[in-house]
Amino acid sequence: MLKTIHVAWREFCSTVLTKGFIIGVLMTPVFILIVAGGIALVTRLPKPRLTGSVAVIDQAGGVAERIQSRFSKEAVEREHRAITEKVTAAMKEKAAIAGVSEQQADMAAGLATSQLIGKADLAVEVLAPDTDVSKAKAGLADVDVHDKARDPNARIALAVVPLGAIRADDKAAGGAGDNGAGEGGTKKYADFEVFTAPRVDPDIQRGIEIKVAAAIVDARIAADPRVQSAGLTPEQVRALVSEPEGKMLTVTKTGDKKGIGELQMLIPMAFMLLLLMSVMTGGQYLLTTTVEEKASRVMEVLLSAVSPMQLMVGKICGQMCVGLLILLVYSGAGVGGLAVFKYMHILNPMLLVYLVLFFFIAFFIIASMMAAAGSAVSEMREAQTLMSPIMVIIMLPWLLWMPISRSPNSLFSTVMSFVPGINPFVMMIRLCGSEPPPTWQIPVSILIGLLSVLFCAWAAAKIFRIGVLMYGKPPNLRTLIRWVRMA
Amino acid sequence: MPDAIVARKLRKTFGPKLAVSDLDFNIPQGSLCGVIGPNGAGKTTTIRMIMSIIFPDSGELSVLGKPSAVESKDRIGYLPEERGLYKKMRVGAFLTYMAKLKGVDPGAASKKSSDWLERTDLPGVARKRCEELSKGMQQKVQFIAAVIHEPELLILDEVFSGLDPVNRRLMRELIEEQSRAGRTILFSTHGMYDAEQLCDRILMIHRGQKVLDCTLGEIRARFDPRTIVAETLDGASIDAAERLRSLPGVESVEPGKGSLTLRLAEGADVPEIFGRLALACPMRRIELKQVTLEDVFIDLVQASGETLRREDLQSADAPPRPSGRAEEPAHA
């Protein structure tokens, strides 16, 4: 027993205390967190507000004033207020579900809003409609928007509204660009152009584009004789054509819940990945170290001190700890992330218990196969031929993930939950889904899992005992089966 | 004294191949026994069966009074033929690990490993990775791993293979030291010279069967020497050869490089012939050639119908030995 622990401890240390493991496995989530945090920090850094003017060449007429009013201080403030209200309302709604205080929701809303609202104070400079566009935009290339010493009213953008943007008659449309007359009586309008100085923030560019586009649409509506004769304002027309938003609610036995769709969908995927990754990393290391012990001929030296059974059990237990460590690090990072962003409510703690339980089942099955495959060959290259059953177990969850998470209680899903080898993965996907499987299926699946663990461990022990001292031609699967039946 | 190892009618087959058949032998406690035999004779199979790494198809084994070595693994030190080290592991850590696996108290294990490294002239390698060591140093480390727990029985499989003469001597010294400390040692080799230098007992296996099992003295007595090397003052002239051939009891005379090799007739009186030789011609040197293990080995192998050529036996790791009569099958 003590010897098995010594073997397990060495196996664990020699795997974990390597640069490859620390960087590849443990540091990866840390790196991701650092990078994500860094990006968040950088985007939150207050940037100097951009000042300058947007020149407008209004060839259509009636648009320039509307652009001016859209860029006016009052209009910008009104827009900011609207965004803030909308974001705050959304945050409060989520906060109510998540059970977070309103203050926190307000704070979150403030943060989110600061990302959305404009970062520029722009004035509008109206140029004569017949101004030469190429001359007007010529100076833009020389403007350095980040130069603090430059004239704060310097031109940083030029918007050109062609005649066809408002009046969609064939001639104007044809002359303005490639937009011809549409079909069925409706006509197509021409697009407009915005030229900006180099290195203007894309968000600001987008802001200019949106405002100009909105001004053009307002001008179009106002110029339309039908709207005029009906006595409608552009705002009324916009209100008429705006599309309503639908509220998505999931009906459950405990009441209607507003779905947090995307995250809920990700959970089965995340759990399956966690399970697969921790099991496979441990299993892969087990194969590598076993083959290495054979290739470096250290195997028989070890067998002078421990029995093959002690060695195999020790190695499997050592790698099990490696797998558990990975599981702990990644699921810890995941749970931590959910806790920080107040999403803990979407995670049922029982799922973590099942995760560990199914980890043991899946790990022992894979590890037994890996130990058997590793013991039977003398080189890593030869192990590939024996890996096919293991590859099936690894690949199937990927293929099954979509059909099972779409219909977790279909006949197909139920059958797959009882197939030895892949059942831990299938069951994990189903348990994380929106419709939990019938209660009786869980213990049955676990029982099948335990039985397959016993079988795999028994077969692996037989193969391991014979395989560890076999050198030369690598055995094929049939030979392995013979070894199992022989001893 | 009880026997450390007792084997009765051991038999092992690998598929259709008979590796060991009806092997009986006793290894007395405290003896230093060499297992010799040509390649593929069944030495390693026998040793693995003693170690309970593989199990005999039939027959009985008793190791240190127990039916299986598994029960007394911590009292046995084993250096397998296929031996290696963890390439990336540090030497000190490896020896400490092996000591712990062999039941040495974890607290004492690291002290023991550093003591042993000092003793075997390997100070300062404890922090080195195993792959950084030379082959000779690796062999020493493996030897330490086998004896670090001070076993009563030491089993060394092909212990001299791959060693240069300096390390070969060092290994012999290490083994002798263990033997002086009262340990029972069983080692296999096909280097006859090493066996002859070290063993007090020889077990020879050929084609899975025991062909010889006795002490070195018994071998010498049994394989009565009948070869005399005579170096005459006149440089082994043809005249001298003729004169010696005519002496009673001398069967044949072969001229060699500056000396003559005389083969004696069956039952010839050796001291009497020595006198006659000295009278027949002026001699610089007259020597009764001692039978070597190699001669015995080849005799036995060839007697059993194996047509082994000398080169096969004089493998790279066996130093060449002067011997004038191995080419011919002698008396059996």
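The structure contained in this document is the topic of the report that follows.

Definitions and cut-offs
Every chain is numbered independently, its residues counted from 1 as its sequence is written. Both sets of labels track the order of writing: A upward for chains, 1 upward for ligands. Per-residue local features are limited, in this predicted model, to residues with pLDDT of at least 70; the limit for side-chain atom pairs, both in listing and counting, is 80 or more; totals at the level of whole chains, interfaces and linings are taken over all residues. Calculated side-chain values reflect all of the structure's heavy atoms, with hydrogen atoms and water omitted. In this analysis an axis means a line fitted to C-alpha atoms, helices contributing only their contacting stretch, and an angle means the value between N-to-C directions, from 0 to 180 degrees. Comment: elements are numbered from the N terminus, with helices defined as DSSP H or I runs of at least four residues and strands as E runs of at least two. Just so you know how the angles are binned, under 35 degrees is roughly parallel, over 145 roughly antiparallel, 65 to 115 roughly perpendicular, and the rest oblique. Contact criterion: two residues are considered in contact whenever any of their non-hydrogen atoms come within 4.5 Å of each other. Each residue receives one of three labels: charged for Asp, Glu, Lys and Arg, nonpolar for Ala, Val, Leu, Ile, Met, Phe, Trp, Tyr, Cys and Pro, and polar for the others, Gly being one of them. Two strands make a pair as long as DSSP finds a minimum of two bridges between them. Under the scheme applied here, a residue whose accessible area is under 20% of the maximum for its type counts as buried, over 50% as exposed, and between as partly exposed, the area being computed with a 1.4 Å probe on protein chains only.

## Considering the packing of helix H4 (residues 135-147) of chain B against helix H5 (residues 165-180) of chain B
Residues and elements named next belong to chain B. As a packed pair, H4 and H5 sit with axes 11 Å apart at the nearest point and diverge in direction by 10°. Comparing their axes, H5 and H4 come out roughly parallel. In this structure, H4 contributes Gly136, Gln139, Lys140, Phe143 and Val147 to the contact, and H5 contributes Asn167, Leu170, Met171, Leu174, Ile175 and Gln178. Residues belonging to the contact of H4 with H5 are distributed by class as follows: six nonpolar, four polar and one charged.

## Here's the deal with the sheet that holds strand E7 (residues 184-189) of chain B
All names here are of chain B. One open sheet holds the six strands; their spatial order is E5-E6-E7-E3-E8-E9, and the pairing between them is mixed. At either margin of the open sheet sits one strand with a lone partner, and together these are strand E5 (76-79) and strand E9 (209-215). The mean inter-strand angle of the sheet, taken between neighbouring strand axes irrespective of direction, is 15°. With four bridges joining them, strand E3 (residues 32-36) and strand E8 (residues 201-206) adopt parallel strand pairing. The partner of cysteine 33 across the bridge, within E8, is arginine 201. On top of the sheet, H4 reaches E5 and strand E6 (153-157); it is set at about 155° to E5, its chief contact. Across the sheet, H5 is in contact with E3, E6 and E7; its angle to E7 comes to roughly 150°.

## A closer look at the side chain of glutamate 382 of chain A
Structurally, the position occupied by glutamate 382 of chain A is in helix H15 (residues 380-386). Glutamate 382 of chain A has contacts with Val377, Gly472 and Pro474 of chain A, leaving out every residue within four places of it along the chain.

## Quick look at unusual backbone geometry
The phi angle of most residues is negative, glycine excepted, and most peptide bonds adopt the trans form. Positive phi values are uncommon outside glycine, yet arginine 297 of chain A reaches one of about 60°. Of note, arginine 297 of chain A is situated in the loop between helix H11 (261-295) and helix H12 (299-303). Unusually for a residue other than glycine, arginine 207 of chain B sits at a positive phi of about 50°. Tracing the backbone through its elements, the reader meets arginine 207 of chain B in the loop between E8 and E9.

## Here's the deal with helix H18 (residues 423-432) of chain A
Where burial is concerned, most of H18 of chain A is hidden: ten out of the ten residues are buried. Within H18 of chain A, burial applies to Asn423, Pro424, Phe425, Val426, Met427, Met428, Ile429, Arg430, Leu431 and Cys432 of chain A.

Without other data, these values stay purely geometric and don't point to any function.
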